[in-house]
Amino acid sequence: MSTGPEHPRHRLDDLVHSPVRFSIMAALAGAETMDFKDLRDAIQVSDSVLSKQLSILEKAGYVQIRKSFVGKLPRTSASLSKAGTDAWRAHLQTLRDIAGG
């Protein structure tokens, strides 16, 4: 076993690395905020899958969820928190480090 520096994969964030959560983070990183339906359609998942994964990211402090009403219709939107933005950038840098770029 090597005694050199630790492989970058050990820095990957398991919360971000899941394919659906990775997709959520990528979509939110490119927008100030996204409506739940737009986010669902962008990453092509069901309402229940998106809701569950957003809850996990919100609990971790990576995503902020806002609930409001437009007229009588409820509207939910999501955005990355500062911690989420930092985690996203660190995760991408780790992927680059693994890829050698």
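What this report covers is the structure whose coordinates are included nearby. On a predicted model such as this, the values are computed, not experimentally measured, just so you know.

Mapped onto the elements, S79 comes out in strand β3 (residues 73-80). Overall, S79 belongs to the buried group, its relative accessible area being 3%. A polar side-chain atom of S79 sits 2.9 Å from a polar atom in the side chain of R66. Those residues within four positions of S79 in sequence are excluded, and the remaining contacts are L28, E32, T33, Y62, V63, Q64 and R66.

As a further point, take the nonpolar core. I24, L28, L39, L50, L54 and V63 are the most contacted members of the largest nonpolar core, which totals 18 residues. Of all elements in the fold, only α2 (19-29), α3 (36-43), α4 (47-59), β3 and α5 (82-99) reach the threshold of two or more residues within this core. Other than its neighbours up to four places away in sequence, L54 contacts I24, F36, L39, V63, I65 and A78.

Here we come to the sheet that holds strand β1 (residues 34-35). If you trace the 3 strands from one edge of the open sheet to the other, you get β1-β3-β2, paired in antiparallel fashion. One side of each edge strand has no neighbouring strand; the edge strands of this open sheet are β1 and β2 (63-70). Pairing of β2 with β3, which is carried by 8 bridges, proceeds in the antiparallel orientation. In the sheet register, V70 faces β3, and the bridge partner there is L73. The strands touched by α4 are β2 and β3; relative to β2, the strand with the most contacts, the crossing angle is about 120 degrees.

In a regular helix each residue adds 1.5 Å, so 18 residues correspond to 26 Å; α5 covers 26 Å between its end C-alpha atoms and thus fits that length. Of the positions making up α5, those classed as buried are G84, A87, W88, H91 and T94. Projected down its long axis, α5 shows its buried positions confined to an angular sector of 130 degrees, all on one face. α5 presents K82 and R89 as exposed residues on the side facing more than 90 degrees away from its buried surface. On its buried face, α5 is in contact with α1 (14-17), α2 and β3. Positioned one or two residues after α5, G100 has a phi angle of 85 degrees, which is positive.

Conventions adopted
Residues numbered from 1 in each chain as written. Predicted model: local features only at pLDDT ≥ 70, side-chain atom pairs only at ≥ 80, totals over all residues. Heavy atoms only, no water. Helix = DSSP H or I, 4+ residues; strand = E, 2+ residues; numbered from the N terminus. Buried < 20%, exposed > 50% of the residue type's maximum accessible area, 1.4 Å probe, protein only. Polar contact = N/O pair within 3.5 Å; in protein donor to acceptor, adjacent residues only side chain to side chain. Contact = heavy atoms within 4.5 Å. Core = buried A, V, L, I, M, F, W, Y, C linked by side-chain atoms within 4.5 Å. Pairing = 2+ DSSP bridges. Axes fitted to C-alpha atoms, helices over the stretch in contact; angles between N-to-C directions. Expected span 1.5 Å × (residues − 1). Arc of directions from axis to C-beta.

Such coordinate-based values are descriptive only and should not be taken to indicate function.
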